[in-house]
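In case you want the letters, here they are:
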Amino acid sequence: AQTVTQSQPEMSVQEAETVTLSCTYDTSESDYYLFWYKQPPSRQMILVIRQEAYKQQNATENRFSVNFQKAAKSFSLKISDSQLGDAAMYFCAYRRRSGNTPLVFGKGTRLSVIA
Amino acid sequence: KAGVTQTPRYLIKTRGQQVTLSCSPISGHRSVSWYQQTPGQGLQFLFEYFSETQRNKGNFPGRFSGRQFSNSRSEMNVSTLELGDSALYLCASSPPDRTNYGYTFGSGTRLTVV
């Protein structure tokens, strides 16, 4: 079974600084998707960024970028120029590309942004 | 375009009762998935419905059930509630070509069992 591990339960960052959230996963599949979701106090899970395993290029979305290391099964999220609105729970998630399989989530990292 | 709508936002129920939660997906989305979120276990997959058929099921007891209607709206039901069922229940919908887009989540229903 696939598992996703986020080893940092809590992180903090100064406003305007950069922070990196870690995620590792375990799978025997070669073709899959990886996601980072943000869950603010409003509770809605918001897709931040996704990565397709067959693409070597790391995904970027504005201030958010990932470092995808397929061989190491590592998928970290870098947030640049951190803003107060970035404070939230961040979840790393995995899904196999083929078949009707659900998202598998890590336990999350709570990010605090200090003004 | 309206997002995923979950009702109610909050529920308080007594042990032994049953509860029904509702989820209206984004228009055009035919797949609806349900997740249970707790501080201890994190996000756990309950089930997925597609075109009124359960397509996938997580490892939850039979007290947890769901269904999907012809308009893609979905309900989940929990019977004989236990204290441990207290959680945030999240619903997510995805378009027919779901692989590229992950899921769009609602804001959840916070269920408290007392």
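Residues numbered from 1 in each chain as written. Chains lettered and ligands numbered in written order. Predicted model: local features only at pLDDT ≥ 70, side-chain atom pairs only at ≥ 80, totals over all residues. Heavy atoms only, no water.

Attention now moves to the nonpolar core. With 25 residues, the main nonpolar core has Y25, W36, F75, L77 and Y90 of chain A as its most contacted residues. Of all the elements in the fold, those that place two or more residues in this core are β3 (19–21), β5 (32–39), β6 (46–52), β8 (64–69), β9 (74–79), β10 (88–96) and β12 (109–114) of chain A. Looking at which element gives the most residues to this core, the answer is β10 of chain A, with four residues. In contact with F75 of chain A, not counting residues within four places along its chain, are C23, Y25, L34, F35, W36, Q51, V66, N67, F68 and C92 of chain A. In this structure, W34, F60, M76 and V113 of chain B belong to the second largest nonpolar core, which totals 21 residues. (Core = buried A, V, L, I, M, F, W, Y, C linked by side-chain atoms within 4.5 Å. Buried < 20%, exposed > 50% of the residue type's maximum accessible area, 1.4 Å probe, protein only. Helix = DSSP H or I, 4+ residues; strand = E, 2+ residues; numbered from the N terminus. Contact = heavy atoms within 4.5 Å.)

All names here are of chain B. Counted by the stated rule, this structure contains two disulfides over all chains. Residue C23 pairs covalently with C91 via a disulfide, S to S 1.7 Å. Disulfide C23 to C91: torsion about the S-S bond roughly -50°, handedness left-handed. Of this pair, C23 sits in strand β3 (residues 19–24) while C91 is found in strand β9 (residues 87–94), placing the two residues 68 residues apart along the sequence. Assigned by exposure class, C23 and C91 land together as buried. (Disulfide = S-S within 2.5 Å.)

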